[in-house]
Amino acid sequence: MLITEAYRKELQEIHRQDEDWGTGPRGNILYIANFLYCNNVEKLLDYGCGKGENLRWFLPIEVSNYDPAMFEWSDDPEPEDYLLCTDVLEHIEPECIEDVIEHLVSKFNKKALLSISLQRSRKLLADGRNAHLLVKPDIWWTTLLKKYCNIEKADSVKTDMCYDLLITLNKQEKNYD
């Protein structure tokens, strides 16, 4: 299961009420641009795209959107060579995270760039829970992701505004160490 129906409805309501929620990556733009440039990316899948608006405004590439919480982007996408997933995985329900990772890995053919927040959000859900449902250390994320795919590169980036794990995954032969 990728998302429970109750959580899908909650996220849809947040998207309706908060015009800033789900509008694209805030930080790490240079890291994202470097990933796109170094891999000659012309088209990618924005996995967990939210409102699906801002990414195409500042990236000179073709973007396919997917977000199971957004009706207009909820159809299961075809895989693309490249995938971008920013500020998404920490919002996944704990009981769904392994299914989401497995699904995400099935949606790219070459490489994926993930940006995962390692800190609590400033926003709360309606029931008082922190909006980042999975606040875990970088080793927890890398251990989980290694079960499904190769990790080409992993960097923890801490700034005044964020503490993120930036991970590049690839589909080369899986490393089982």
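Quick caveat: nothing in here was measured; it's all calculated off a predicted structure.

Cut-offs used in this document
Residues numbered from 1 in each chain as written. Predicted model: local features only at pLDDT ≥ 70, side-chain atom pairs only at ≥ 80, totals over all residues. Heavy atoms only, no water. Helix = DSSP H or I, 4+ residues; strand = E, 2+ residues; numbered from the N terminus. Buried < 20%, exposed > 50% of the residue type's maximum accessible area, 1.4 Å probe, protein only. Contact = heavy atoms within 4.5 Å. Areas by Shrake-Rupley, 256 points an atom, 1.4 Å probe, with all protein chains shown as cover. Pairing = 2+ DSSP bridges. Core = buried A, V, L, I, M, F, W, Y, C linked by side-chain atoms within 4.5 Å. Axes fitted to C-alpha atoms, helices over the stretch in contact; angles between N-to-C directions. Lys, Arg positive; Asp, Glu negative; His and termini not counted. Salt bridge = Lys/Arg side-chain N within 4 Å of Asp/Glu carboxyl O. Parallel < 35°, antiparallel > 145°, perpendicular 65-115°, else oblique. Left-handed = near helix turned anticlockwise from the far one by under 90°. Nonpolar A, V, L, I, M, F, W, Y, C, P; charged D, E, K, R; others polar.

(A) Main features of the overall build of the protein chain. The helix and strand inventory of the protein chain stands at five helices and six strands. Counting from the amino terminus, the protein chain carries its helices and strands in the arrangement α-α-β-α-β-β-α-β-α-β-β. Within the protein chain, buried positions represent 50% of all 177 residues. Contacts in the protein chain between residues at least 24 apart in sequence constitute 64% of all its contacts with a sequence separation of at least 6. Accessible area of the protein chain: about 9,700 Å², with a carbon and sulfur share of 50%.

(B) Quick look at the pairing of strand E6 (residues 163-170). In terms of residue burial, E6 counts as a mostly covered element, since seven of its eight residues are buried. Of the pairings in the sheet, the one linking strand E4 (residues 108-117) to E6 comprises seven bridges and is antiparallel in character. Following the sheet pairing, Ser117 is matched in E6 by Asp164. Direction of pairing for strand E5 (residues 150-158) relative to E6: antiparallel, over a ladder of eight bridges. Paired with Ser156 across the two strands is Leu165, which belongs to E6. Hairpin remark: E5 followed by E6, antiparallel, with four residues in the connecting loop.

(C) Broad picture of unusual backbone geometry. Positioned with a positive phi, Asn40 is a non-glycine residue whose angle comes to about 50°. Tracing the sequence through the fold places Asn40 in the loop between helix H2 (29-38) and strand E1 (43-47). Its identity is not glycine, yet Asp87 carries a phi of approximately 55°, on the positive side. When you line up the elements, Asp87 lands in the loop between strand E3 (80-86) and helix H4 (97-105). Looking at Asp87, the relative accessible area reads 44%, which means it is partly exposed.

(D) Structural view of the nonpolar core. One finds Leu83, Leu89, Leu104, Leu114, Trp141 and Leu169 to be the most contacted residues of the largest nonpolar core, which totals 27 residues. With five residues, H4 is the single largest residue contributor to this core. Dropping the residues within four chain positions of it, Leu114 is found in contact with Leu83, Cys85, Leu89, Leu104, Leu145, Leu165, Leu166, Ile167 and Leu169. One finds Tyr31, Val41, Leu84 and Leu166 within the second-largest nonpolar core, a separate group that totals 13 residues.

(E) Spatial organisation of the sheet that holds E5. Overall, mixed pairing links the six strands, which are arranged E2-E1-E3-E4-E6-E5 in an open sheet. Sheet topology places strand E2 (62-66) and E5 at the edges, where each strand pairs with a single neighbour. Here the average twist between neighbouring strands, direction ignored, is 20°.

(F) Structural view of the side chain of Glu90. Looking at the secondary structure, you find Glu90 in the loop between E3 and H4. No salt bridge is formed by the buried Glu90; the nearest opposite charge belongs to Arg122, separated by 11 Å. With sequence-adjacent residues up to four places away left out, Glu90 is seen in contact with Ser115, Ile116, Ser117, Ala131, His132, Leu133, Leu134 and Trp141.

(G) How the structure looks around H4. For H4, the full list of buried residues reads Ile97, Val100, Ile101, His103, Leu104 and Val105. The inward-facing, buried residues of H4 abut E1, E2, E3, E4, helix H5 (138-146) and E6.

(H) Geometry of the environment of Gln172. With respect to the secondary-structure elements, Gln172 resides in the segment after E6. Judged by relative accessible area, Gln172 falls into the exposed class, the value being 56%. Separated by 63 residues in the primary sequence, Gln172 and Asn109 place their C-alpha atoms 9.4 Å from one another.

(I) Expanded view of the packing of H4 against H5. Where H4 contacts H5, the axes come no closer than 10 Å and their chain directions differ by 60°. Taken together, the axis directions place H4 and H5 in an arrangement best described as oblique. Along this stretch, H4 crosses H5, giving a crossing that reads as right-handed. Here Ile97, Glu98 and Ile101 of H4 come into contact with H5, specifically with Trp140, Trp141, Leu144 and Leu145. A per-class count over the contact of H4 with H5 returns six nonpolar, no polar and one charged.

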